[in-house]
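One-letter residues, chain by chain:
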Amino acid sequence: MAASRAKPLPFEVQGKPGRLLGMTPRAFLRDYWQKRPLLIRGAFPGYTSPVEPDDLAGLACEDGVLARLIQHDRANDGWTVRSGPFPEELFPGLGDRDWTLLVQDMDKWDPDIAALVDAFDFLPRWRIDDVMVSFAATGGSVGAHVDQYDVFLLQAQGHRRWQIDAGDAMGHGVPAMAFRDDVELKLLREFVPTHDWVLAPGDMLYLPPNVPHNGVAEDPCLTFSLGMRAPATAELMGDYIDTLAAEADESLRYTDPDLAPPRDANEIDATAMGRVVEALNAIRMADADALGDWFGRFITTYRSAAGPGLPESPARSRIEVEWDLQQGAVLVRHPWTRVAWRRARRGASLYVAGHCHALPVRDAQRLSAAAVLDATTYAALSEAARDCVMALVTEGHYRLDMDDDGDTP
């Protein structure tokens, strides 16, 4: 009797109460993460966008906001891209078709969108980059393209048609990846979709890296795009080598105490190259803590579009801050401050915007997880952790909120 074949994994599932993925996180990570696309109907049932298109347009007019406007000329299949900030008078003249406004880092600008990230706690927090929000007029699109990172596309308002090419996941071969050379955007020259879906509010599409896709607004709509941080190997190597070079001991040099007369004085022979390898190995981060500290500093600054603001002026003393906490105030972490931690040889290392702080494990966990510190949380910290918090206040990574509302600045 022939062995039964395993049932193919579906590309579309229905969300369940308490399971936005329609399955356990473990099953999703095992079967779909970086392997195959997945559409989850009703991932966020009854979802209502916390922002309106006018809010997005207003933000795109402000300095310091990363925003793009993409327009499509259907008649000539031409595309134009403009970067913000935009003048307010621009938007009324855009018409009601074929344009898209994209604003990056909306989780830093809006606390309700930031709260959406908590639903993705089945992923390492340091891997999540930002939530980009796009408003598309009817017919609006950014064209068929691929992303180099994982992305979750949540439909927040209106309807968007998504077409994807899942041929690779279906065993049909790797899709063509040639790009057009006649547009500013990196658009695919060829795009042959295998799936065609229309998403309604609350539906969510997961796409692994390098899956060709194209989204077109069926009506005016808002889409939230939660993207991952995925440093290229070249970026990792560049920062790693820069760190090695900056910290290398000048006394470590190429040496050849075992030098023998060469067969050819002009040849770089295999023995010499062996010594080169030894010289390089002498400065590599063989120590796990040194390597971990480098990566912790790197990843908490990687792709940071902005930094924390200036601390309060005049600065409040530690006694004043601690008194205010006792009276009901809270310390709110700056939304642009990125935090992660890892276990070290002794205790833990807390990484805050590229800086390392040695703390007990419990404190590093608490400070990483808590975007808001109240008097109770602060009092439960060790003396070293409270010192760390006060240093971060001085650097502008926390602000004192006297209203105890927890809103981000």
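The structure presented is a predicted model; accordingly, all values stated were derived computationally and were not measured.

Asker: Give a detailed account of the overall build of the chain, specifying residues and quantitative values.
Answerer: Counting secondary structure elements, the chain contains 11 helices and 18 strands. Seen through its C-alpha atoms, the chain measures out along the principal axes to roughly 75 × 70 × 60 Å. Taking all 409 residues of the chain together, 44% fall into the buried category. Nonlocal contacts in the chain, meaning residues at least 24 apart in sequence, comprise 78% of its contacts between residues at least 6 apart. About 21800 Å² of surface is accessible on the chain, with carbon and sulfur atoms providing 53% of the total. Separation between the mean location of the 40 positive side-chain charges and that of the 62 negative ones in the chain comes to 8 Å.

Asker: Can you explain the pattern of salt bridges? Please cite residues and give values.
Answerer: In total, this model carries 26 salt bridges according to the counting rule given. A salt bridge links Asp129 to Arg338; the nearest nitrogen and oxygen atoms lie 2.7 Å apart. Linking Asp129 in strand β6 (residues 128-136) with Arg338 in the loop between β13 (330-333) and β14 (339-343), this pair joins segments that are 209 residues apart in sequence. Each member of the pair, Asp129 together with Arg338, is buried. Note that Arg399 and Asp401 form a salt bridge whose closest N and O atoms lie 3.6 Å from each other.

Asker: Talk me through the sheet that holds β6; I want residue IDs and the actual numbers.
Answerer: Sheet strands associate in pairs through backbone hydrogen bonding, adopting either a parallel or an antiparallel arrangement. Pairing is mixed across the open sheet formed by nine strands, whose spatial order is β1-β2-β10-β7-β12-β6-β5-β3-β4. A strand with exactly one partner marks an edge of an open sheet, and here the two such strands are β1 (12-14) and β4 (78-83). Here the strands of the sheet are splayed against their neighbours by 20 degrees on average, with no regard to which way each runs. Seen against the sheet, helix α2 (residues 53-60) touches β3 (67-73), β5 (99-103), β6, β7 (151-157) and β12 (221-228) and runs at an angle of roughly 65 degrees to β5.

Conventions we followed
Residues numbered from 1 in each chain as written. Predicted model: local features only at pLDDT ≥ 70, side-chain atom pairs only at ≥ 80, totals over all residues. Heavy atoms only, no water. Helix = DSSP H or I, 4+ residues; strand = E, 2+ residues; numbered from the N terminus. Buried < 20%, exposed > 50% of the residue type's maximum accessible area, 1.4 Å probe, protein only. Contact = heavy atoms within 4.5 Å. Areas by Shrake-Rupley, 256 points an atom, 1.4 Å probe, with all protein chains shown as cover. Lys, Arg positive; Asp, Glu negative; His and termini not counted. Charge placed at Lys NZ, Arg CZ, Asp CG, Glu CD. Salt bridge = Lys/Arg side-chain N within 4 Å of Asp/Glu carboxyl O. Pairing = 2+ DSSP bridges. Axes fitted to C-alpha atoms, helices over the stretch in contact; angles between N-to-C directions.

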